[in-house]
Amino acid sequence: MKITKVEHWTEHFKLIKPYTIAYETYSDVVNHFVRIETDTGSFGLGTAAPEDYVTGESTVDCKTALDSCLEPLLLGQDICHIENLIQTFKKAIPKTPAARAAVDIALYDLIGKYRNLPLADMLGRFHRSLQTSITIGIMPTEEAIEQTEEYLRRGFRILKVKIGKSIDEDIERLHKIREKAGRQIAIRVDANQGYSWDEYGQFIKRSQHLDLEFIEQPLNADDIEGMQSMPESVRQKTAADESLLNEQNALRFTHSPRPFGIYNIKLMKCGGIFSALNIAEITLLANIELMWGCMDESIVSISAALHAALASPATRYVDLAGSLNLARDLVAGGFRLKNGELTITDQPGLGVTLN
């Protein structure tokens, strides 16, 4: 199938509930959409959700990259040469992984449709469904308790709590959330680089009674030596997020002493499904636990991450609730959510339809 038409555009999405993490408060987000059409009339969709603080890619950078490369690199190409196309984009726009992810996702959507299979099945599905966490931002304890109650009513069994601004407030808030949720609910936390080395050590000591599943990115993304100097028991329960941007990082972190026992893959950090599956293979071979995460993203890219996660034997955790807080979206379908459990539809490709 030859590519005959490509287009991209920008959408601004308000969030249903603004939320705060260690370094910023979000009330709206920007997603860039890519549509690739072939000579059969079939089309694939992809989205980009750039995050300057994580990858150094602004929304302007993302749009500029798509403006410059989309038509020259795709028109007239055969989608069956998908790996070659993805590598071409990696060389052409190496510093804009979210832009590459949008193209990558649209191409994989098309390939799944071409083969008339859900993408996870085309990739070799390993899991039938996966339980996702849902996020509670940094907020006053009373509001966090209200949000905990809401999520439990909606059937979620895993809570992800943002921390990293104040150890005292973090511990107090987590204690109250654990008290409300009980011990049957899993709680994981994400510091978003908010702690120093000393603060992380204090947090570990003071949170032992809280039975936390794991801690995500406590130190600055570049402080790998700081992580390596932590006790092995701490490193095993620490997840790399902002530190893990690509396959090279994934390989580097397998060297002893391993700074992280868990890798958090996000399509927007690594450039899409192709690179994400490479990282997943590294985790499998290195016996490192694997998590799939997201930004605030359209159903399009959340579905793409879910399909990839379902296809990886290494997958243990998912945090793919990023589309649930969007006040609107351009697509429907993609996945089903019931009591925190994500399953895909039986539609080919990503299974998403434009509204």
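Refer to the structure presented above.
Residues numbered from 1 in each chain as written. Predicted model: local features only at pLDDT ≥ 70, side-chain atom pairs only at ≥ 80, totals over all residues. Heavy atoms only, no water.

Visitor: Tell me about the overall build of the protein chain, residues and numbers included.
Guide: The helix and strand tally for the protein chain stands at 14 helices and 16 strands. The C-alpha radius of gyration computed for the protein chain amounts to 20 Å, which stays within 12% of the reference 20 Å derived for 355 residues, consistent with globular compactness. Seen along its three principal axes, the alpha-carbon backbone of the protein chain occupies a region of about 60 × 45 × 35 Å. Sequence-distant contacts, at least 24 apart, represent 73% of the contacts inside the protein chain between residues at least 6 apart. Carbon and sulfur atoms form 47% of the exposed surface of the protein chain, whose accessible area is close to 14400 Å². (Helix = DSSP H or I, 4+ residues; strand = E, 2+ residues; numbered from the N terminus. Rg over C-alpha atoms; globule rule 2.2 N^0.38 Å. Contact = heavy atoms within 4.5 Å. Areas by Shrake-Rupley, 256 points an atom, 1.4 Å probe, with all protein chains shown as cover.)

Visitor: An account of the sheet that holds strand S6 (residues 158–162) is requested, with residue identities and associated values reported.
Guide: One open sheet accounts for eight strands, arranged S5-S6-S7-S8-S9-S10-S11-S12; its pairing is parallel. Strands at the two margins of the open sheet, each flanked by one partner only, are strand S5 (134–136) and strand S12 (315–318). Where S5 meets S6, three bridges bridge the pair, whose relative direction is parallel. In the strand pairing of S6, threonine 135 is matched with lysine 160. Each of S5 and S6 touches helix H6 (residues 141–153); the most contacted strand, S5, lies at about 165 degrees to it. (Pairing = 2+ DSSP bridges. Axes fitted to C-alpha atoms, helices over the stretch in contact; angles between N-to-C directions.)

Visitor: Provide a residue-level description of empty space enclosed by the protein, including the pertinent values.
Guide: Using the criterion set out here, one finds one cavity of 30 Å³ or more in the structure. Estimated volume of the largest cavity: approximately 60 Å³. Together, Ile86, Phe89, Lys90, Arg100, Val103, Asp104, Cys270, Gly271 and Ser275 line the largest cavity. Elements supplying a minimum of two residues to the lining of the largest cavity: helix H3 (82–92) and helix H4 (97–114). Residue composition of the lining of the largest cavity, grouped by class: four nonpolar, two polar and three charged. (1 Å grid on protein atoms, 1.4 Å probe; cavity = no way out; pocket = protein on both sides within 12 Å on 5 of 7 lines; lining within 4 Å. Points joined across faces, edges and corners; volume = space filled by probe spheres on them. Nonpolar A, V, L, I, M, F, W, Y, C, P; charged D, E, K, R; others polar.)

Visitor: Would you mind going over the pattern of salt bridges in detail, with residue names and values included?
Guide: When their charged atoms lie close together, side chains carrying opposite charge are able to pair. Scanning the entire structure with this criterion turns up 21 salt bridges. The partner of glutamate 247 in a salt bridge is lysine 90, and the shortest N-O contact between them spans 3.4 Å. Here the residue glutamate 247 occupies a position in helix H11 (residues 247–252), and lysine 90 occupies one in helix H3, the gap between them amounting to 157 residues. For glutamate 247, a relative accessible area of 9% gives the class buried. Judged by relative accessible area, lysine 90 falls into the partly exposed class, the value being 25%. Here glutamate 150 ties to arginine 154 by a salt bridge, and the two come within 2.9 Å at their closest N and O atoms. Here the residues in one salt-bridge network are Lys160, Lys162, Asp190, Glu216 and Asp319, joined through shared partners. (Salt bridge = Lys/Arg side-chain N within 4 Å of Asp/Glu carboxyl O. Buried < 20%, exposed > 50% of the residue type's maximum accessible area, 1.4 Å probe, protein only.)

Visitor: Can you explain the side chain of serine 301? Please cite residues and give values.
Guide: Within the element layout of this structure, serine 301 appears in helix H14 (residues 299–311). With relative accessibility at 1%, the residue serine 301 sits in the buried group. Within polar-contact distance, the side chain of serine 301 engages the side chain of glutamate 297 at 2.8 Å. With residues near it in sequence (within four places) discarded, serine 301 still touches Thr47, Ile105, Leu267 and Met268. (Polar contact = N/O pair within 3.5 Å; in protein donor to acceptor, adjacent residues only side chain to side chain.)

Visitor: So, the environment of alanine 120: which residues are in play, and what are the values?
Guide: On the secondary structure map, alanine 120 appears in helix H5 (residues 119–123). Leave out the neighbours within four places in its chain, and alanine 120 touches Arg125, His307, Leu310, Ala311 and Ile344.

Visitor: Tell me about a negative patch on the surface, residues and numbers included.
Guide: A surface patch of negative charge is lined by Glu142, Glu143, Glu146, Glu169 and Glu172. Of all elements in the fold, only H6 and helix H7 (167–181) reach the threshold of two or more residues within the negative patch. Ranked by the residues each element gives to the negative patch, the list is headed by H6, at three residues. The exposure class of glutamate 146 is exposed, given its relative accessible area of 55%. (Patch = residues over 30% accessible without salt bridge, like charges linked within 9 Å, V, L, I, M, F, W, Y side chains within 5 Å. Lys, Arg positive; Asp, Glu negative; His and termini not counted. Charge placed at Lys NZ, Arg CZ, Asp CG, Glu CD.)

Visitor: Explain the pairing of strand S11 (residues 289–292) to me, using residue names and the numbers behind them.
Guide: Strand direction decides the pairing type here: strand S10 (residues 262–265) and S11, joined by four bridges, are parallel. Bridged to isoleucine 265 within S11 is tryptophan 292. As paired elements, S11 and S12 share three bridges and run parallel to each other. Across the sheet, the residue bridging to leucine 290 is threonine 315, located in S12. Traced from S11 through H14 to S12, the parallel crossover comes out right-handed. (Right-handed = clockwise from strand over helix to strand, strands pointing away.)

Visitor: I'd like a description of the packing of aromatic side chains, backed by residues and values.
Guide: Evaluation of the coordinates by the stated rule reveals nine aromatic pairs. Ring plane angle 55 degrees and centroid distance 4.8 Å describe the contact between phenylalanine 214 and tyrosine 317, whose orientation is recorded as tilted. A residue pair is termed long-range when its members are at least 10 positions apart, and phenylalanine 214 in the loop between helix H8 (197–206) and strand S8 (215–216) and tyrosine 317 in strand S12 qualify at 103 residues. Here phenylalanine 214 and tyrosine 317 have matching classes, each one buried. Clustering of aromatic rings is evident, with ring pairs tying together Trp9, Phe13 and Phe33. Above the plane of the ring of phenylalanine 43 lies lysine 113, whose end atom (NZ or CZ) is 4.6 Å from the centre. (Phe/Tyr/Trp six-rings, centres within 6.5 Å; stacked < 30°, edge-to-face > 60°. Lys NZ or Arg CZ within 6 Å of the ring centre and 35° of its normal.)

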